[in-house]
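Each chain, letter by letter, is given below.
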Amino acid sequence: MNLKLLAKALLAFLVIAAAIAVARPGASYAHQDRDSTLAAASRQYPAGTDALGRDRLVRVSAALLLSLAGAIAASVLTTAAAAGVGALAAFGPESIGWLAMLVCDVFLALPWMFLLMIVRSALPLSASPASSAAVTFLVLAALGWPACARAVYKGALNLKSADWMLHARATGLRRTQLVRTVLPNLLPVLLPQFLISIPAFVIAEANLGALGLGIGEPLPSWGGMLLELDNSAMLFETRWVYFPVALLIAVLLLLEAIAVEA
Amino acid sequence: MKHALAVARWLARTTAIVLLVIVGSTVLVRFAPGYLSDAREMDAHYGDTVRAELSAEAARSGSLPHLLSLELRGWLRGDGGVSRQYGVPVSDLILPRLAVTGGLMLRSLILAWALALCASLISSATRKPSMLWQAPAALLLAVPTAAMATLCLLAGYGGPVLVMALLLAARDFKFLHHTLRKAWLDPHLLQARAQGVRTHRLILGYILPSIGPQLSVLASLSIVTALSALVPVEVIFNMPGLGQLAWNAALNRDLPVLLSATIIMALAVTLAGMASDRPGEWRSA
């Protein structure tokens, strides 16, 4: 079995296990059992509870699902935007191409962590946890497209000068028809970009959450759970606080393995 | 003449990008969904009339041209505007922290490059790519900066420089290993090795000069990565640098400070990016 297949199987297993943990009767990521705060692993709480008495296994599972779903959605948006901009820049008038690449340069010059902080800090104070999650991943998508668009632009330019493309243009294929023909041929560029973006977005969300600027409580997130490590008193109580970090690293390794092999 | 034109074009493009960065950041701030909301509106001590007045005042002073003119005036004055949180010029907050951040970045970059170059030179010279080098790099790339910094802090081993250096070294190693491996397989190098030319002579005389352009691009990418890692590292290790200032400004919605920090970072990224790819263009001009 090759590495990519193994990584896909393991990731699928983790996702299914997480979905079962979240969907089982009585499981709630927000329910607080005040009598069992920082409890050790038990039959009722297989990974113990956090400082507010919430089931750690359910929270980690929900964080995994939320983070993967958000990162995949953001990656779809990023790749679609990059495909549109890259193809337009390559096949449109030269001035449009120049302008599109200048916009890419401007976005690439803006350090994403600072931009994320700007937008996250300017969210309404009364923003709900769900909207904070949506905004976090939307902002990641909005900032992630320029690097991908540059790669698509280069790929589209190569296609534009290919013999079959010259032939198609010589036979009078219109621009819209050309773009429709080109997009499937850009898949070898788009697929790796899509797969690379997913772990990058998961890491970005975790870093942002660890700074207290990610997804709002009580929604579980990797970043929010990394904040638990700041509480040294909690670390002496239970070693299960390391569980989310370990699982996050495992998920990222699997995602990287899938992306690298693509 | 061609040379001068190329330099002028580079300068014009850099200036345009910096100006667009200022305008873009300001537009982003202005149209962020909660820009007009004020923390005082959540305070139960204020009545409805006061809250309405606060909202109206925010709307009056929140027009985009007003914001842009404030930002540009602040930059032209040289103080970057006034901090909402501390009520002092932004430059007074930023300047003392630049040295801290600069020192951290410089030490991290030097250590990271030394680590990555040594590791990639050894790993690329072997016949088959070894997991001994690849596995630690892959593992380091899968650990979020914040998690790595927190774990180092908890273990009481390693500081901000080590965390940043490990993160950068892992990224640089990946590219350097790939580039060097390709370089070692060049026919003229294979022949030189077969003839018994010493490895260090090959590295210094042939390999490093031939991958010079890739190294300069990678150096600029390292700076960009380091700037992104700066915030979690400075916050977790409690270093009074620019990243910590920006984080503090983000938590307290001090947008003039956050905006200035972003613009300084964008300037650094632009200059690093431009410096890495322009010399080649000038030479060929």
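Just so you know, the residues in each chain are numbered from 1, in the order the chain's sequence is written. Chains carry letters and ligands carry numbers; both start at the beginning, A for chains and 1 for ligands, and go up in the order they are written. Only residues with pLDDT of 70 or above have their local features reported here, since the model is predicted, and side-chain atom pairs are shown and tallied only from 80 upward, although totals for entire chains, interfaces and linings are computed over all residues.

Enquirer: Help me understand the overall build of chain A in this model?
Expert: Only DSSP runs of H or I covering at least 4 residues are called helices, and only runs of E covering at least 2 are called strands; the numbering of each starts at the N terminus. Looking only at helices and strands, one finds 11 helices and 0 strands in chain A. Listing every helix and strand of chain A by position from the N terminus yields α-α-α-α-α-α-α-α-α-α-α. Considered along the principal axes of its C-alpha atoms, chain A spans approximately 75 × 45 × 30 Å. Three classes are used. A residue is buried when 20 or more other C-beta atoms lie within 10 Å of its own, exposed when 12 or fewer do, and partly exposed in between, with C-beta atoms placed from the backbone. Among the 262 residues that make up chain A, the fraction classed as buried is 48%. Whether two residues are in contact is decided by their C-beta atoms, placed from the backbone, lying within 7 Å. Summarising the internal contacts of chain A: among those between residues at least 6 apart in sequence, 69% fall at separations of at least 24.

Enquirer: What exactly am I supposed to notice about the interface of chain A and chain B here?
Expert: Counting residues at the interface gives 35 residues for chain A and 43 residues for chain B. Broken down by secondary-structure element, the contributors of at least two residues to the side of chain A that touches chain B are helix 3 (94-109), helix 4 (112-121), helix 8 (187-210) and helix 11 (243-261) of chain A. Broken down by element, the side of chain A that touches chain B gets its largest block of residues, 9 residues, from helix 4 of chain A. Put simply, Ala, Val, Leu, Ile, Met, Phe, Trp, Tyr, Cys and Pro go in the nonpolar bin, Asp, Glu, Lys and Arg in the charged bin, and everything else, Gly too, in the polar bin. Its residues assigned to classes, the side of chain A that touches chain B shows 28 nonpolar, 3 polar and 4 charged.

Enquirer: What exactly am I supposed to notice about the environment of A:Ala23 here?
Expert: All names here are of chain A. Take Ala-23: it is sitting in helix 1 (residues 3-23). For Ala-23, a count of 11 C-beta atoms within 10 Å puts it in the exposed group. Considering only alpha carbons, one finds Ala-23 and Ile-118, 95 residues apart in sequence, at a separation of 35 Å.

Enquirer: Just to check I follow, could you spell out unusual backbone geometry for this structure?
Expert: Apart from glycine, the bulk of residues carry a negative phi angle, and the bulk of peptide bonds sit in the trans form. The omega torsion of the bond from A:Glu217 to A:Pro218 falls at 5°, within 30 degrees of zero and hence cis. Mapped onto the fold, A:Pro218 is located in the loop between helix 8 and helix 9 (222-226). The backbone of B:Asn238 sits at a positive phi, close to 55°, despite the residue not being glycine. Along the chain, the position of B:Asn238 falls in the loop between helix 10 (212-236) and helix 11 (242-251).

Enquirer: Please explain the nonpolar core as it appears in this structure.
Expert: Each nonpolar core comprises buried Ala, Val, Leu, Ile, Met, Phe, Trp, Tyr and Cys residues, the members being joined through C-beta atoms within 7 Å. With 145 residues, the main nonpolar core has A:Met117, A:Val152, B:Met164, B:Ala246, B:Leu258 and B:Ala261 as its most contacted residues. Per element, the largest residue contribution to this core is 16 residues, and it comes from helix 2 (residues 56-91) of chain A.

Enquirer: What's the story with the packing of helix 4 (residues 90-125) of chain B against helix 7 (residues 160-184) of chain B in this structure? I'm lost.
Expert: Packed helix pairs are characterised by how far apart their axes lie and by the angle those axes make with each other. Residue and element names in this part refer to chain B. Contact geometry for helix 4 and helix 7: axes closest at 6 Å, N-to-C directions at 35°. Once helix 4 is placed against helix 7, the crossing between them reads as right-handed. Its residues placed into classes, the contact of helix 4 with helix 7 shows 21 nonpolar, 5 polar and 3 charged. Fitting a line to C-alpha atoms yields each axis, with helices limited to the stretch in contact; the angle taken between N-to-C directions then spans 0 to 180 degrees. If you view the pair so one helix is near and one far, a crossing is left-handed when the near helix is turned anticlockwise from the far one by less than a right angle, and right-handed when it is turned clockwise.

Enquirer: Explanation requested: helix 7 of chain B in the structure shown.
Expert: Every α-helix winds through 3.6 residues per turn, so residues three or four apart in the chain are directed the same way. Multiply 1.5 Å by the residue count of a helix minus one, and that product is the helix's expected span. For helix 7 of chain B, with 25 residues, the first-to-last C-alpha span of 34 Å sits near the 36 Å given by 1.5 Å per residue. The sharpest bend along helix 7 of chain B measures roughly 25° and falls at B:Phe173. Here the bend at a residue means the angle between the axes of two seven-residue stretches, the one that ends at it and the one that starts at it.

Enquirer: Would you mind going over the packing of helix 1 of chain A against helix 2 of chain A with me for this structure?
Expert: Residues and elements named next belong to chain A. Running from N to C, helix 1 and helix 2 point in directions that differ by 125°, and their axes come no closer than 8 Å. Regarding the angle of helix 1 to helix 2, the classification is oblique. Remark: the crossing between helix 1 and helix 2 carries left-handed chirality. Seen from helix 1, the contacting residues are Leu-14, Val-15, Ala-18, Ala-19, Ala-21 and Val-22; seen from helix 2, they are Leu-57, Val-58, Ser-61, Ala-62, Leu-64, Leu-65 and Leu-68. Looking at the contact of helix 1 with helix 2 residue by residue, the class counts come to 12 nonpolar, 1 polar and no charged. Orientation is classified from the angle alone, with under 35 degrees giving roughly parallel, over 145 giving roughly antiparallel, 65 to 115 giving roughly perpendicular, and any other angle giving oblique.

Enquirer: I tried to follow the confidence of the model for chain B on my own but got confused; where do I start?
Expert: Should pLDDT be low for a region, the predicted coordinates there are not to be read in detail. Residue and element names in this part refer to chain B. Per-residue confidence from the predictor is reported as pLDDT, a score between 0 and 100. The predicted model of chain B averages 80 in pLDDT, with 86% of residues at 70 or higher. Taken as a whole, residues 279-285 scores under 50 in pLDDT and shows 8 contacts with residues more than four places along the chain or in a different chain. Scored as a complex, the prediction yields pTM 0.82 and ipTM 0.78.

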